[in-house]
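Structure at a glance
These are the residues of each chain, in order.
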Amino acid sequence: MKRNQHHLYAVKYKRMSVELAQWFYRRSNRSISAGREHAALGSDVSSVSEYEENFAICQQFVISNLKYHRFLSVDSHKVTRQLDGVCEKLKIHSESKKASKLQALSEEFLETAVYEGKDVGKTDTHYSVLLFLLLISNDPIHSDYVETEKVTAQDMKDDIDWGAYLLEGIQRYDPSDGELSDWTDDDDDSEEEKYVRRTARDNSQSFDERQTVAPYIVSDSSTVHEEEPGDVEDCDWLSRNLIAQYWKGEKVEVETGKYRSCQLNNNWEAYKERIDPLSCDRNKVVVTENVLLREVIWMLMGISNLYLLEFNGRFFVPKRDISVPHLSEESLHNCLTQFTRYGAYIQILQNFVEECNHGNRSDICQTYQSFASTVADFLQDVKTQLSILEQKLIKQEEVLTLLTVARDTEPLMQKVGIVCLVYMRGIHQGRPYKLASQKATLLLTTLYNTLLSCDTLFETPLFDEGGVDLNQGQNCDTTDMLKLLLPMWIQTCQPYINIIDTWISHGYLTDPHSEFIIQRNKEIDTLDETFWEKSFAFHTMVKDPDTSGSGSDKRVQEYDTMDWAPKFLQPVLQQIVLTGKSMEMLEGLGKLAEYDGKGFSNHLNEFKETHLYDKFITSLQTLLGTKTKSDSGEETRGTTQNEPVFSPDIERQMKEKGIHDSFLKMHFEKIMQQDTEYHSILEENFSQKMHSLNLDNLQPVELILQECLYPHIYKQYGKVCLKLVDTLKTEYHLMDYLKAMRRFFLMEAGDTMFIFYTEIFDKIRLHEHWKDTTTVTWALHEALDRHFPDEVTRIAVFVDTSEDDRDSQPINVTNCLKLQYQIPSPVDVVINERCQEIYNHIFSFLLQVKRAKYCLDELRFYDLAKECASSTTDRLLKSLSLDKEPRSARIHRMHLLRMKLINFVNSLHNYIMTRILHSIGLEFTHDLKEAKDLDQIIEIHAGYIRKIHERCLLHKKNTFLKEAVLKVLNLSLRFQKEWDCGIDNISMKQIEDTEMEFSRCIQFLRSFLNSVIQRGSFPHLESLAFGLENLIPR
């Protein structure tokens, strides 16, 4: 026992001797290194060679000046304060990482014993170096700090085997022999004894072998580390379990097993070699199916830089010189083809996402960006599921083959195919178009049509560019496809719905990328009379001339035949446009903020509080139902809200400066907590909202739109448009202006207009001057003063001299008279200049009928029967004339002709004033009361004047009928002129010619009207045709 203790003491002593020798060796090396530096410094400064006799004196001088200089010593306290100040300043500027790193490095540097021959730190040299670094530092606050990897400088290893040297001549003692053989080494021997025993046992080995187990010393610590034999075993295990670098040409050892099927490829290659040795390829890379599956999964995760599956920019192609032992070349190619196709799809989608995220976002419409976001989320889900499969492959707890992986990933790859289909048809085919509205419409329509096809029955085939059907042998789950496409479509529609929401809730169209189907014409003001008609225009789907003659003509022509708006918006597009126009007009009139007592302002504020898209999602949650929320999200939210507003450093500085206020801190915490709650609600992304939906209760897509989106638009349409109509009727007197147009232009105010036009007709009959704007305006104002004095300042009449050259017939002499009524804004949107032109056309025609009727009504019998004073020559000519009819017979024929003319003119006048103006006027008044929006009012008014214009024979298709009527009216004026000349100046031939011409006109009118009535083209002409029956002689 004592012998064993003495031996243990000897071992410990020798161990300490080894460590002491190594320490002295390091110190000597350090001293030698310092001496070399001093010698080099002296040689460089003094130019004295090392071999000269004065070199030793020079070196001593250098060392003396370095150790015993005359400069002031550094103030360590000052340096410490400066360092603390820099750290505190970094913390104030929110650079806590820099401050902590600077503090840690400075403390580590001060504790390092490397200067002045001392074994401890914090010498003057340490503080001098730190002061020097502080003085040369430049703007530490705004400089970027990048932490570099620390390189540990290892001390020089001595080549002396101190253990062998010290044990030389000492007899090796083995406690397992002799009297202590019953004791085991494992019971009492320490690790140090085992180490010495191993060292002594292996003393006879070579230097290289001893070097593998020799102790090594870390330079920055005095602790001795030993390399255990287990480390070598771990290295061997690692080398055995690492995959061979087959991409660098290393051979992969494949265990084929005892079954012949595991060596199918080897047997087949051997057979081919026996048949034809020259046809065998001996440079193939043999890999396991596990390695091949890893690269397949990486490919499906979007990685293109692979070795076994090469990517050529468009497709993945399996490497030709690879082989799997149990698969033939054809089988391997067929198995990999179904994966490479979907790998190309994922690359296409991934490139699109990268283009939208990292490209010029100002040139990419928001619809594309939203779709790219949904595609990115989908690809992330794909990567997540594939990473789970990769973990199974790494663990190797399950048997995974190419066929099983293809079967497991088939539903996921079907989703990849359908998303790529939407991209190809909705985005790739839209690249020839330059308008963002065309591209957005194509994408939304394609996505909606794909969703509809999946909603009914999944019959949409997937085609690649080569025309190969991608649905061969696949059974698509429509429910999974709907769960994928519905959220994708809803999120892609978000920019479009937000544009609509801003327009119909605030009254202005915000479309920064011009992707909305409707474009605002900024040159037209809100209160302009053409605002309703020309302020908004649709983006047309016109074929781009740059694409003519190219291969994309076919796609462009197909797209031209499509509807010009997204398909899901077509049922409510008219309501959206009318609501947006009405909101902008109300905003321009300043009527949105007024309280009308009908709840419109309250409704508008409620509609503005919640966005249309949020209402759509809320209605969707109500329709489909929601899942129960997990408590984890609420707990996380609660912990984030309880975080302190001020950090401990800020509170400490506030206390030091005497500005700490607990009351102010409490209010800050309250405000920040409310702001955090608000942002937590706003930052709830779309995926979380859609995740809460119970998609198992899916309804048809049309039903979802009809119950979740359309009702909100219809409600806003009804409120806003009705508000605008009421405002125009009550505050801007729209109905009064329409009645004024009917009174004066359509002559419904018969007594007033009779006074006006009879004065003009009398001047024409008496051949007085009347074609003067002042004269006719004066006559009109005199007529208005009696019944409508308020209208004098609004209505005027002027003479258009340009009509004289075209109108050569007497009946057209009054066509130069034009009425002009001043319509204020915004009523001029309904009664614009074009409407007043149509009103003037009707007014001119009514004036012609009124003139013919007035001329016939004003004929007097004594004017016809009066005897004119004539000379002897005139009486001689009358006696020689061939007209032998008596005077009374001619007067009787004139009376009959007058009655016929009066009958026709009265029939025409009654038809126009009763059958047309009065009846259509009643319908017009009723329709105006039922109108719900301004567009209906404009359409009703335009249809009203258009119908009157057409039924007054002013349309181009009634030209022949109008000419016949005007010819009869001209006969009336000529007949009145002859009547005024007296019967003595009228021959029987003139009377017969007039009767003959009148009879031909009546016959033409009767036959024409009867044929038209029989065809049913103009049923309103029946009353006029019936009135003409009495004018035809039986």
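Everything below is about the structure printed above this text.
A brief look at the structure comes next. All values reported here derive from a predicted model rather than from experimental measurement.

**With respect to the overall build of the chain**
- A tally of helices and strands in the chain yields 41 helices and 10 strands.
- A burial count over the chain gives 39% of its 1034 residues as buried.
- Only carbon and sulfur atoms are counted for the fraction: they give 52% of the accessible area of the chain, which is about 60,500 Å².

**Details of the pattern of salt bridges**
- Under the counting rule described, the total for this entry stands at 17 salt bridges.
- Note that Lys-591 is salt-bridged to Glu-731, the shortest N-O span being 2.6 Å. Of this pair, Lys-591 sits in the loop between α22 (573-589) and α23 (600-609) while Glu-731 sits in the loop between α30 (710-730) and α31 (734-744), and the two are 140 residues apart along the sequence.
- Residue Lys-591 is classed as buried on the basis of its relative accessible area, which comes to 11%.

**Brief notes about the pairing of strand β10 (residues 817-821)**
- Burial runs high along β10: four of the five residues are buried.
- In the sheet, strand β9 (residues 795-799) pairs with β10 via five bridges, with the strands oriented antiparallel. Across the sheet, residue Val-799 finds its bridge partner in β10, namely Leu-817.

**A few points about the packing of aromatic side chains**
- According to the stated counting rule, one finds 23 aromatic pairs in the structure shown.
- On the basis of an interplanar angle of 85° and a centroid distance of 6.5 Å, the ring pair of Phe-904 and Phe-998 is categorised as edge-to-face. Within this pair, whereas Phe-904 is found in helix α37 (residues 887-930), its partner Phe-998 is found in helix α40 (residues 988-1015), the two being separated by 94 residues in sequence. Each member of the pair, Phe-904 as well as Phe-998, is classed as buried.
- Centre to centre, the rings of Phe-975 and Trp-979 are 5.7 Å apart; their planes meet at 55°, and the pair counts as tilted. Here Phe-975 and its partner Trp-979 are both found in helix α39 (residues 959-981), four residues apart, which amounts to about one turn of the helix. Accessibility assignment for this pair places Phe-975 and Trp-979 in one class, buried.
- Linked through ring pairs, Tyr-496, Trp-503, Phe-516, Phe-531 and Phe-536 together constitute an aromatic cluster.

**Thoughts on the nonpolar core**
- Grouped together as the largest cluster of nonpolar side chains are 222 residues, with contacts concentrated most on Trp-489, Phe-756, Ile-912 and Leu-934.
- If you tally residues by element for this core, the top one is α37, at 16 residues.
- Among all residues touching Trp-489, those that are not within four sequence positions of it are Leu-444, Leu-447, Tyr-448, Leu-451, Phe-568 and Leu-705.

**Brief notes about the environment of Lys-615**
- Within the secondary structure layout, Lys-615 lies in helix α24 (residues 612-624).
- Sequence separation of Lys-615 and Cys-708 is 93 residues, and the distance between their C-alpha atoms is 7.9 Å.

**Focus: the environment of Gln-575**
- Along the chain, the position of Gln-575 falls in helix α22.
- Considering only alpha carbons, one finds Gln-575 and Ile-504, 71 residues apart in sequence, at a separation of 9.7 Å.
- When neighbours within four sequence positions are excluded, Gln-575 is seen to be in contact with Ile-713, Tyr-714 and Tyr-717.

Definitions and limits used
Residues numbered from 1 in each chain as written. Predicted model: local features only at pLDDT ≥ 70, side-chain atom pairs only at ≥ 80, totals over all residues. Heavy atoms only, no water. Helix = DSSP H or I, 4+ residues; strand = E, 2+ residues; numbered from the N terminus. Buried < 20%, exposed > 50% of the residue type's maximum accessible area, 1.4 Å probe, protein only. Areas by Shrake-Rupley, 256 points an atom, 1.4 Å probe, with all protein chains shown as cover. Salt bridge = Lys/Arg side-chain N within 4 Å of Asp/Glu carboxyl O. Pairing = 2+ DSSP bridges. Phe/Tyr/Trp six-rings, centres within 6.5 Å; stacked < 30°, edge-to-face > 60°. Core = buried A, V, L, I, M, F, W, Y, C linked by side-chain atoms within 4.5 Å. Contact = heavy atoms within 4.5 Å.

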